[in-house]
Amino acid sequence: MMTEIELLWELPTWGLLLIAVGAIALLLVMIIKLRIHAFLALIIVSLVTAIATGIPPGSVITTLTAGFGSTLASVALLVGLGAMLGRMLETSGGAKVLTDELIKRFGEKRAPLALSIASLMMGFPIFFDAGLVVMLPIIFAVARRLGGSLLTYAFPAATAFSVMHIFVPPHPGPVAATGLLGADVGLVLVFGLIVAIPTWYIVGYKFGTWVGKRYDIPVPEILSGAKSDTSADEFRSTPKLGTIIFLLVLPLVLIFLNTGLNALATAEVVSLDDGWVQTLRLIGETPVALLITVLLAMYLLGWRQKKESRLIETIVDSALGPVCAIILITGAGGMFGGVLRASGIGNAIADSLDAIGLPLIVAGFIIAAIVRVAQGSATVALTTAAALVQPVVAADGSLNPVELAAIVLALAAGSVFAGHVNDSGFWLVSRFFGMDTQTTLKTWTVGQALVGVFGFIFALAIFLVAGAV
């Protein structure tokens, strides 16, 4: 974790905001107009921004590598292991088996809906990036089978993971805000679903269907390996449907051991100090859960099918090359966001907005949204907003439990608003979907802004109804 940095000069809020806007504009010009590779552009802009905001020369590289490293710590293992699993599902024919079954049961026209429903269910215990990586081979297979833009199938599914991650416990954001504001985690879960599902339907399914018609994005070859790779033909078999479902469900069950126990610990049902709890939480850590799943996939799709160890190693190794760029660009996006956080821009903006005196639920949403846009991290935006409204919530004894839950959800809605180039998740979606920066801004960033707006509308409605009853 990065330590507090003493800046060479203190800039006013408007100065920090001006630097942030200028940095984002420079980044977009470098990537879109000058065609500089996103990885290089993000490093250059991060370096310039660090100097401009007064980070001492001796701390600049430390700040950059801290943001880069902290992002890679959560992304690199996840993407690498997820790509291995996806490559085996794709190459073995498992993705095709599941795709055939989905189309058989739901029909071709309902395929995007079927993928989204599966993503909503998977999104309950599993984080956004982990769920998306696990579902990618199925999404790609369906898109290849039925044709049309990848976004027709991928956008609704990705939005499903997003809304579940941001609104519904046991995900860390809503759990942290629930604890800070003293809300009931059970009520946040129930009303989180009431907010998440219609938000997904409007933005993910309806807007996603429109996006798919407007932007024709081909299915990338990220999980397919080289076209001349003969090992893929050797590895191909016809695994049973039950085997594929097991490999997709297993990481969800394992991860739920972690997130579920965290939620139970917050509710004081179990203690995190107990040895058995710590052991199950370790097994449920996302990298461990995916590692176990990858090893089982190697056995069930490889060794059990009498495949040579050399062939299995080749298939697994072929998954890593195509995702290296994704990992590095995502890490560089985290570097840029880390520099903006170190500059103090998020706290400065939040403090200024806190003094305006808007209604509590509106102020919380706006603070979370602007901090999110300014520095990129949804978690930082949510916890910053929750910490600022906490004293007001604590002093207001008239708020009932449902109103408290609605405030938590309003803050969550603000924290997801308009993820763009300073958000590592933006680059994850951009590169996995094979979209350029402009297209990602027009589709994913707009979609995330709509998730924030509609999520807030539903949270505000709950708040007003609960206050009137």
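Please read all numbers here as calculations on a predicted model, not as lab measurements. In every chain, residue numbers begin from 1 and rise along the written sequence. Residues qualify for local features only when their pLDDT is at least 70, as the model is predicted, and side-chain atom pairs are given and counted only at 80 or more; totals for whole chains, interfaces and linings, by contrast, use all residues. As a rule here, side-chain values come from all non-hydrogen atoms in the structure, and water together with hydrogens is ignored.

## A short note on the overall build of the chain
- Counting secondary structure elements, the chain contains 21 helices and zero strands.
- To get the radius of gyration, use the C-alpha atoms; to get the globule rule, take the number of residues to the power 0.38 and multiply by 2.2 Å. Rg of the C-alpha trace for the chain: 22 Å, near the compact-globule value of 23 Å for 469 residues, within the 12% margin.
- In what follows, residue pairs with any heavy atoms lying within 4.5 Å of each other are defined as contacts. At a minimum sequence separation of 6, the contacts of the chain that also span at least 24 residues come to 83%.
- The accessible surface values rely on the Shrake-Rupley method and a 1.4 Å probe; as for residues, cover is taken only from the protein chains in view. Surface accessibility of the chain: about 19200 Å² in total, with carbon and sulfur atoms responsible for 66%.
- With 25 positive and 27 negative side-chain charges, the chain shows a spacing of 16 Å between the two charge centroids. Strands here mean DSSP runs of E at least two residues long; helices mean DSSP runs of H or I at least four residues long; both are numbered from the N terminus. Only four residue types enter the charge count: Lys and Arg as positive, Asp and Glu as negative, with His and the chain ends excluded. Taken as the charge location is NZ of Lys, CZ of Arg, CG of Asp or CD of Glu.

## With respect to helix α14 (residues 309-317)
- Where α14 is concerned, the buried positions are L311, I312, I315 and V316. Burial along α14 is one-sided: seen end-on, the buried residues are contained in an arc of 130°. Looking at α14, the residues exposed on the side facing more than 90 degrees away from the buried face are E313 and D317. The rule is simple: take the accessible area with a 1.4 Å probe, protein chains only, and divide by the maximum for that residue type; under 20% is buried, over 50% is exposed, in between is partly exposed. By construction, the arc corresponds to the directions joining the helix axis to the C-beta atoms.

## Examining the packing of helix α7 (residues 151-167) against helix α9 (residues 185-214)
- At a minimum axis separation of 8 Å, α7 and α9 run at an interaxial angle of 160°. In terms of axis orientation, α7 runs roughly antiparallel to α9. Considering only the axes of α7 and α9, their crossing is right-handed.
- When residues are grouped by polarity, Ala, Val, Leu, Ile, Met, Phe, Trp, Tyr, Cys and Pro land in nonpolar, Asp, Glu, Lys and Arg in charged, and all others, Gly among them, in polar. Per-class residue counts for the contact of α7 with α9 are 16 nonpolar, seven polar and no charged. All axes here are fitted lines through C-alpha atoms, helices being fitted over the stretch that makes contact, and every angle between N-to-C directions spans 0 to 180 degrees. Here the word oblique covers every angle except those under 35 degrees (roughly parallel), over 145 (roughly antiparallel) and from 65 to 115 (roughly perpendicular). Note: crossing handedness is left-handed where the near helix turns anticlockwise from the far helix by less than a right angle, and right-handed where it turns clockwise.

## A look at the pattern of salt bridges
- Salt bridges, as used here, are contacts in which a Lys or Arg side-chain nitrogen is within 4 Å of a carboxyl oxygen on Asp or Glu. Applying the stated criterion across every chain yields a total of two salt bridges.
- The closest approach of N and O atoms between E101 and R105, which form a salt bridge, is 2.5 Å. Placement of the pair is E101 and R105 together in helix α4 (residues 94-106), with a separation of four residues, close to one helical turn.
- Its relative accessible area of 64% is what places R105 among the exposed residues.
- Where D423 meets R372, a salt bridge forms, and the shortest distance between an N and an O atom there is 3.3 Å. Of this pair, D423 sits in the loop between α19 (401-415) and α20 (424-432) while R372 sits in helix α17 (residues 360-375); the two residues are 51 residues apart in sequence, bridging distant segments of the chain.
- Residue R372 is classed as buried on the basis of its relative accessible area of 4%.

## A look at the confidence of the model for the chain
- Every residue carries a pLDDT, the predictor's confidence in it, which falls somewhere between 0 and 100. In this model, the chain carries a mean pLDDT of 82, and residues with pLDDT of at least 70 account for 92%.
- Helix α16 (residues 345-354) is the least confidently modelled element of the chain, averaging 64 in pLDDT, while helix α21 (residues 437-468) averages 94, the highest of any element.

## Examining the packing of aromatic side chains
- Whether two aromatic rings pair depends on their centres lying within 6.5 Å, for rings of Phe, Tyr and Trp, where Trp uses its six-membered ring; planes under 30 degrees apart make the pair stacked, over 60 edge-to-face, and the rest tilted. For the structure on display, the rule yields nine aromatic pairs.
- An angle of 75° between the planes, with centres 6.0 Å apart, marks the rings of F155 and W444 as edge-to-face. Separated by 289 residues along the polypeptide, F155 in helix α7 and W444 in helix α21 bring together distant segments of the chain. Neither residue differs from the other here; F155 and W444 are each classed as buried.
- Centre to centre, the rings of W200 and Y201 are 6.1 Å apart; their planes meet at 65°, and the pair counts as edge-to-face.
- Under the relative-accessibility criterion, W200 is labelled buried at 5%.

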